[in-house]
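Observations on the three-dimensional arrangement
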Amino acid sequence: MTEREDDVVLRRRGDGPPVTLRTGDCMELLAELEPASVDVVVTSPPYNLGIRYGRYDDRAPREDYLAWIGAWAERIREILAEDGSLFLNVGGTPADPWVPFEVASQLRDVLELQNVIHWVKSIAIEPGDVGNAASLERTLAVGHYKPINSPRFLNDCHEFVFHFTRSGKVPVDRLALGVPYQDKSNVARWKAAKRDLRCRGNCWFVPYETIQSRAKERPHPATFPSRLPEMAVRLHGVERTRLMLDPFCGLGSSAVAAVRLGVPFLGIELDPAYVEVAVERVRGELGELFCEG
Ligand SMILES: C[S@@+](CC[C@H](N)C(=O)[O-])C[C@H]1O[C@@H](n2cnc3c(N)ncnc32)[C@H](O)[C@@H]1O
């Protein structure tokens, strides 16, 4: 990847994988990347729901917005490796629930939809539904969401992560996200279960980290927890990830995930104020041993 003059490049001292944060419009900057040079894209574009971002105006006519989605998806296709993955996180609102479906449809002729993952932000589990193994004595209600005061809508505790690939046939590392069997007799009974680990499936409970002050700790209206991109890259395969990209990088949650996984990363973000925070977060994650440039 060719470095640009105003890139901020951070790495663990020595020869740690570079984390590059680039300020600008991804429509222009994606065109500069080499074809087939990116292994995993994990990103969450604006949803056009009128969210108040610093620079970006989130209120385009729906048609223009969807055309823009299609246009940058075409660019992603060009730079995605043959066996690469695009994990596209999109949510809607109860009043405008079609957004994720319409966004995903824009990619229909561009890439293959290989998996649909449900990012569950909050869930309630009744003792009677889990059997004795979990020893639940009362309803477990965990995670965070924005409560909706409405006589007709449910609280929205979920978003989509659409997994697109070029062929729809890219092998993934299911057991990298594996969970132990509840019933251990299954390990012996099922030939495929060589060890006490099974695919967790496509419902991922990933709560937001608890914060004390939004203005100080998360000065952005629409972030995802770093564990979400971390899980996506682990599913694709950490070893196979020579470059991870987030073209809508915001506060750098995916950059933090890249540091944790030790994979090279490029983040693109329109708003310099968000990039500044992303740089600080990456520095914090790298700890004392970071070096710049
Ligand atoms: C949903 S947020 C992403 C938040 C990010 N996942 C995080 O956890 O911090 C979308 C981001 O895209 C940025 N953005 C909008 N248009 C852009 C463009 N053309 N190029 C690059 N970034 C853009 C916005 O400023 C916003 O920060």
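What comes next is a walk through the structure.

How each quantity is defined
- Residues numbered from 1 in each chain as written.
- Predicted model: local features only at pLDDT ≥ 70, side-chain atom pairs only at ≥ 80, totals over all residues.
- Heavy atoms only, no water.
- Near = heavy atom within 4 Å.
- Polar contact = N/O pair within 3.5 Å; in protein donor to acceptor, adjacent residues only side chain to side chain.
- Areas by Shrake-Rupley, 256 points an atom, 1.4 Å probe, with all protein chains shown as cover.
- Nonpolar A, V, L, I, M, F, W, Y, C, P; charged D, E, K, R; others polar.
- Buried < 20%, exposed > 50% of the residue type's maximum accessible area, 1.4 Å probe, protein only.
- Helix = DSSP H or I, 4+ residues; strand = E, 2+ residues; numbered from the N terminus.
- Contact = heavy atoms within 4.5 Å.
- 1 Å grid on protein atoms, 1.4 Å probe; cavity = no way out; pocket = protein on both sides within 12 Å on 5 of 7 lines; lining within 4 Å.
- Points joined across faces, edges and corners; volume = space filled by probe spheres on them.
- Axes fitted to C-alpha atoms, helices over the stretch in contact; angles between N-to-C directions.
- Parallel < 35°, antiparallel > 145°, perpendicular 65-115°, else oblique.
- Left-handed = near helix turned anticlockwise from the far one by under 90°.
- Phe/Tyr/Trp six-rings, centres within 6.5 Å; stacked < 30°, edge-to-face > 60°.
- Lys NZ or Arg CZ within 6 Å of the ring centre and 35° of its normal.

Let us look at the site of the ligand. Neighbouring residues of the ligand: 23 residues in total, closest Cys26, His220, Leu251, Ser253 and Glu269. One of the backbone N or O atoms of Cys26 is found 2.9 Å from a nitrogen atom in the ligand. Take Leu251: an N or O atom from its main chain is 2.8 Å from an oxygen atom of the ligand. For the ligand, whose accessible area on its own is 620 Å², the fraction buried by protein is 99%. Here the residues of the shell around the ligand sort into 14 nonpolar, seven polar and two charged.

Quick reminder: α-helices carry 3.6 residues per turn. Residues three or four places apart thus point the same way. Taken across its nine residues, helix 7 (residues 253-261) has eight buried, putting it largely inside the fold. For helix 7, every residue scored as buried is listed here: Ser253, Ser254, Ala255, Val256, Ala257, Ala258, Val259 and Leu261. Structurally, helix 7 contributes buried residues whose contacts are with strand 1 (8-12), strand 2 (19-23), helix 6 (227-236), strand 10 (244-246), strand 11 (265-269) and helix 8 (272-286). At the exit of helix 7 stands Gly262, carrying a positive phi of roughly 75 degrees.

What follows concerns the layout of surface pockets. Estimates place the volume of the largest pocket at around 690 Å³. If you go around the largest pocket, you meet 28 residues; those closest to its centre are Lys121, Lys146, Glu159, Tyr208 and Pro221. A per-class count over the lining of the largest pocket returns 13 nonpolar, eight polar and seven charged.

Interaxial distance between helix 7 and helix 8 falls to 9 Å at its minimum, and their mutual angle equals 20 degrees. In terms of axis orientation, helix 7 runs roughly parallel to helix 8. For the crossing formed where helix 7 meets helix 8, the hand is right-handed. Touching Ser253, Ala255, Val256, Val259 and Arg260 of helix 7 are Arg281, Val282, Glu285 and Leu286, all from helix 8. Considered class by class, the residues forming the contact of helix 7 with helix 8 number five nonpolar, one polar and three charged.

Overall, the coordinates contain eleven aromatic pairs when judged by the stated rule. Ring geometry for Trp68 and Phe248: centres 5.5 Å apart, planes at 70 degrees, overall edge-to-face. You can see Trp68 sitting in helix 2 (residues 62-79) and its partner Phe248 sitting in the loop between strand 10 and helix 7, a full 180 residues away along the chain. Taken together, a centroid distance of 5.3 Å and an interplanar angle of 65 degrees make the contact between Phe101 and Phe160 edge-to-face. Taken together, the positions of Phe101 in helix 3 (residues 99-106) and Phe160 in strand 8 (residues 158-165) put the pair 59 residues apart, joining distant regions of the chain. Judged by its relative accessible area of 38%, Phe101 is partly exposed. By the ring-pair criterion, three or more aromatic residues cluster together here, those being Tyr53, Tyr56, Tyr65, Trp68, Trp72 and Phe248. The ring centre of Trp119 lies 4.8 Å from the NZ or CZ of Lys121, which sits over that ring.

Geometric values such as these leave the question of function open.
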